[in-house]
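Remarks on the overall topology
Residue strings, one per chain:
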Amino acid sequence: MVSTGLAGRRVLLGVTGGIAAYKPAELVRRLGEAGAEVRVVMTENAARFVTPLTFQALSGHPVRLSLWDEGAEAAMGHIELARWAQDILVAPASADFLARIAHGLADDLLTTLCLASAAPVYVAPAMNQQMWANPATQANLALLRTRGVGIFGPAAGAQACGDVGSGRLLEPDELVAALAASGQPGLLSGRRVVISAGPTYEDIDPVRFLGNRSSGRMGFAVAAAAAEAGAQVILVAGPVHLPTPAGVQRVDVRSARQMHAAVLAEATAADVYVAAAAVGDFRPLEVAAHKIKKRGDGGMTLELTQNPDILADVAALPQRPLLVGFAAETENVEAYARAKLERKRLDLIAANQVGGGLGFETEDNCLTLISADDITCLPTASKRELARQLIEIVAQRLEQRSAHNRDVAA
Ligand code: C5P
């Protein structure tokens, strides 16, 4: 549980109308445990999903619903409430709410408070994946981002409506951690982090390719965690079906050679390179211009050639960034990872077991972080949580490296 920075904070929690409106009940508790004082404001539609009494009981304060409630205005007027708040967190934030604050509307209590308060506003969107993907919603978010509104999530996964995709509200613990992190100067403020993620596809002919089962989730989670920690993040992504994390600059590639070129173009100016991609080791020697046809009953032989090793080439740069590799193994995880750490001259390797339902294509994972002088085992957790812990360790190592460089220069 992250509590740093939230002790004594006055958090105004806005709840808007959507099926996820029940989730912030737990969030109120977690914020309280982290030491924050919470007041809840609900929209009228939110009150159709969950009763204000629930939030009143959990926050210990009456819940405000309307601008026109004379009794409540007499107790603490909305301007007073706007001044009271040190942070405004709206969770869940519906598509409609995002549209209204993006355009400066103040047609209910919550939007009025957002306009009337000098406190930073954070929104945790939650909606159907189609609504999330709609260009109108994305344009509203882009507008909010330029105005400094913090956007937490959403996560991808199964939705209440039966769809699968992006638009799930982050879990209460994740929201507490994100809010705690936003108030602080980030661990990676001023740092430039390049991350590669996902599989590579190596074309055989215009319709076939060699690929692998990497989902890209781990690398995307690392990118999100690095951005949350204040870094400038460049995410070089192979072909994956994942939304770009907030605040991350994304470069899409397909083959290992494209990934190699994109990473090397960014790596010289980077402080850290995290190689979380499952890069194809081989590609067909030749890509057929037309679809390869069956010839009789015989088999066929595909001649392969080796792809460049991206990590090795970044390691060979004169001013190399801190290098973090991933080792996905089906057996002898630690031994193979150590060998890879040395062979590729890495600073840190994150090793995990894949296959048999572990690693690829899963939400959860478990990582062993190995460096020349240390080994840390991060127990099974969500990829987001593991990514956050990995970023903390990366930040520590960067700090050690900077201190060492200062000593050498002195
Ligand atoms: O595929 P392998 O297990 O050797 O990958 C170990 C690490 O090396 C990973 O971090 C991967 O992203 C990186 N790698 C690379 N270029 C390759 C193959 C792997 O940078 N051609």
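Residues numbered from 1 in each chain as written. Predicted model: local features only at pLDDT ≥ 70, side-chain atom pairs only at ≥ 80, totals over all residues. Heavy atoms only, no water.

1. Remarks on the environment of phenylalanine 326
Tracing the backbone through its elements, the reader meets phenylalanine 326 in strand β16 (residues 322-329). Sequence separation between phenylalanine 326 and alanine 277 is 49 residues, and the spatial gap between their C-alpha atoms is 8.0 Å. (Helix = DSSP H or I, 4+ residues; strand = E, 2+ residues; numbered from the N terminus.)

2. Structural notes on the side chain of aspartate 108
Its location among the elements puts aspartate 108 in the loop between α6 (95-102) and α7 (109-116). At 3.3 Å, the side chain of aspartate 108 forms a polar contact with the side chain of arginine 100. (Polar contact = N/O pair within 3.5 Å; in protein donor to acceptor, adjacent residues only side chain to side chain.)

3. With respect to the site of the ligand
Inspection of the region around the ligand gives Ala275, Ala277, Val279, Asp281, Pro308, Asp309, Ile310, Leu311, Gly325, Phe326, Lys340 and Lys344 as its neighbouring residues. Alanine 277 places a main-chain nitrogen or oxygen 2.7 Å from an oxygen atom of the ligand. Between the ligand and leucine 311 there is a distance of 2.9 Å, counted from an oxygen atom to a backbone nitrogen or oxygen. A total of 450 Å² of accessible area belongs to the ligand in isolation, and the protein chains cover 88% of it. Among the detected pockets, the ligand sits in the second largest pocket. For the shell around the ligand, the secondary structure elements donating two or more residues are α13 (310-315) and β16. When grouped by side-chain class, the residues that make up the shell around the ligand number 7 nonpolar, 1 polar and 4 charged. (Near = heavy atom within 4 Å. Areas by Shrake-Rupley, 256 points an atom, 1.4 Å probe, with all protein chains shown as cover. 1 Å grid on protein atoms, 1.4 Å probe; cavity = no way out; pocket = protein on both sides within 12 Å on 5 of 7 lines; lining within 4 Å. Sits in = over half its atoms within 2 Å of the grid points. Nonpolar A, V, L, I, M, F, W, Y, C, P; charged D, E, K, R; others polar.)

4. Considering the environment of leucine 143
Turning to its location among the elements, leucine 143 is positioned in helix α9 (residues 135-146). Judged by its relative accessible area of 31%, leucine 143 falls in the partly exposed class. Sequence-wise, leucine 143 and alanine 102 are 41 residues apart; in three dimensions their C-alpha atoms are separated by 6.4 Å. (Buried < 20%, exposed > 50% of the residue type's maximum accessible area, 1.4 Å probe, protein only.)

5. Topic: the domain arrangement of the chain
If you check the domain split of the chain, you get domain 1 (10-182) and domain 2 (192-284 + 303-409). Its C-alpha centre places domain 1 at a distance of 34 Å from the equivalent point of domain 2. Each side of the interface is counted separately: domain 1 has 8 residues, and domain 2 has 8 residues. Interface of domain 1 and domain 2: buried area, both sides summed, is about 620 Å²; carbon and sulfur atoms make up 54% of it. On the domain 1 side of the interface with domain 2, the three residues burying the most area are Arg145, Ala156 and Glu174, jointly 43% of the side's total. At the junction of domain 1 and domain 2, the tally comes to 1 salt bridge. Across the domain 1-domain 2 interface, the total number found is 1 residue pair in polar contact (both at pLDDT 80 or more). When residues of the side of domain 1 that touches domain 2 are assigned to their parent elements, the largest contribution, 3 residues, is made by helix α10 (residues 172-182). Broken down by class, the residue content of the side of domain 1 that touches domain 2 amounts to 5 nonpolar, 1 polar and 2 charged. (Domains from an automatic or database assignment. Contact = heavy atoms within 4.5 Å. Buried area = accessible area lost by both parts, 1.4 Å probe. Salt bridge = Lys/Arg side-chain N within 4 Å of Asp/Glu carboxyl O.)

6. Digging into the pairing of strand β4 (residues 121-125)
Of all 5 residues in β4, 5 are buried, a share of seventy percent or more. Here β4 shows no split at all, with Val121, Val123 and Pro125 on one side and Tyr122 and Ala124 on the other all buried.

7. Concerning the layout of surface pockets
Counted as a void, the second largest pocket has a volume near 820 Å³. Forming the walls of the second largest pocket are 38 residues, and the residues nearest its centre are Ala277, Ala278, Val279, Phe326 and Lys340. Those elements giving two or more residues to the lining of the second largest pocket turn out to be β8 (192-197), α11 (217-228), β13 (272-275), α13, β16, α14 (333-343) and β17 (348-353). The element best represented in the lining of the second largest pocket is β16, accounting for 4 residues. In terms of residue class, the lining of the second largest pocket is built from 17 nonpolar, 14 polar and 7 charged. (Points joined across faces, edges and corners; volume = space filled by probe spheres on them.)

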